[in-house]
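Close look at the chain arrangement
Here is how the chains run, residue by residue.
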Amino acid sequence: MSLLHALDKVIARGERWFVIICASAISMILVAQVFMRYGLSKPLFWAEEIATQLLVFMTFVGLSLLVHNRRLIQLDFIISHLPPKVRRLVTVVNDLAVIGVLIFLVVYSIKWILLQETQLEMSPTTRLPLWYGYAALPVAFILMTYHYVVAALDAALGLDDKEEQS
């Protein structure tokens, strides 16, 4: 179990740095775009498109990081008032349901990216294949699935209760 937790923490640390790097890159690209457009009258034709792609990746990987930190919005008023064993069972069932949905999303997002018409789509500005940006979906869903598997195992084994008490 400690290997799963160690890998979970490494993945989360990587996600955190990825989000920081994407946010920094977006800021630098857009500042350069403003300078080039208004200072030198030579706009960067690709700036908005690349910034948008980075924002998409940052958003989905950031969502996975929120899953790891258990910071997603949730309605847990009733669950928090349940007895500990029932709360653990409800949490495990909920996590398993989410894992099922995420696996469904992984499979179908990969199938969508592999479709010929998706593979042939090109960005109008940079002429890069659009599936590069679409790849954020399955990558983020896989990361979220892993975080939920670790959380479900913790809940099933009662490890999350020990963390709450300390």
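Residues numbered from 1 in each chain as written. Predicted model: local features only at pLDDT ≥ 70, side-chain atom pairs only at ≥ 80, totals over all residues. Heavy atoms only, no water.

Evaluation of the coordinates by the stated rule reveals two salt bridges. Note that Glu48 is salt-bridged to Arg37, the shortest N-O span being 3.8 Å. Note that Glu48 is positioned in helix α2 (residues 47-68) and Arg37 in helix α1 (residues 2-39), a separation of eleven residues in sequence. Judged by relative accessible area, which is 39%, Glu48 ranks as partly exposed. On the basis of relative accessible area, Arg37 is assigned to the partly exposed category, the value being 35%. Here Arg70 makes a salt bridge to Asp95, at a shortest N to O gap of 2.8 Å. Of this pair, Arg70 sits in the loop between α2 and α3 (77-80) while Asp95 sits in helix α4 (residues 84-114); the two residues are 25 residues apart in sequence, bridging distant segments of the chain. According to the relative accessible area criterion, Asp95 is buried, its value standing at 0%. (Salt bridge = Lys/Arg side-chain N within 4 Å of Asp/Glu carboxyl O. Helix = DSSP H or I, 4+ residues; strand = E, 2+ residues; numbered from the N terminus. Buried < 20%, exposed > 50% of the residue type's maximum accessible area, 1.4 Å probe, protein only.)

Right, let's talk about the side chain of Thr145 for a bit. Along the chain, the position of Thr145 falls in helix α7 (residues 136-157). Classification of Thr145 by relative accessible area gives buried; the value is 13%.

Moving on: the nonpolar core. The biggest cluster of nonpolar side chains holds nine residues, and these are Val67, Ile99, Leu102, Val106, Ala140, Phe141, Met144, Tyr148 and Ala152. At the level of elements, α4 and α7 are the ones that each hand at least two residues to this core. Broken down by element, the residue count for this core peaks at five residues, all from α7. Apart from the residues lying within four places of it in its own chain, the contact partners of Ala152 are Val92, Asp95 and Ile99. Among the nonpolar cores identified, the runner-up in size contains six residues, and Val19, Ile26, Met58 and Val61 belong to it. (Core = buried A, V, L, I, M, F, W, Y, C linked by side-chain atoms within 4.5 Å. Contact = heavy atoms within 4.5 Å.)

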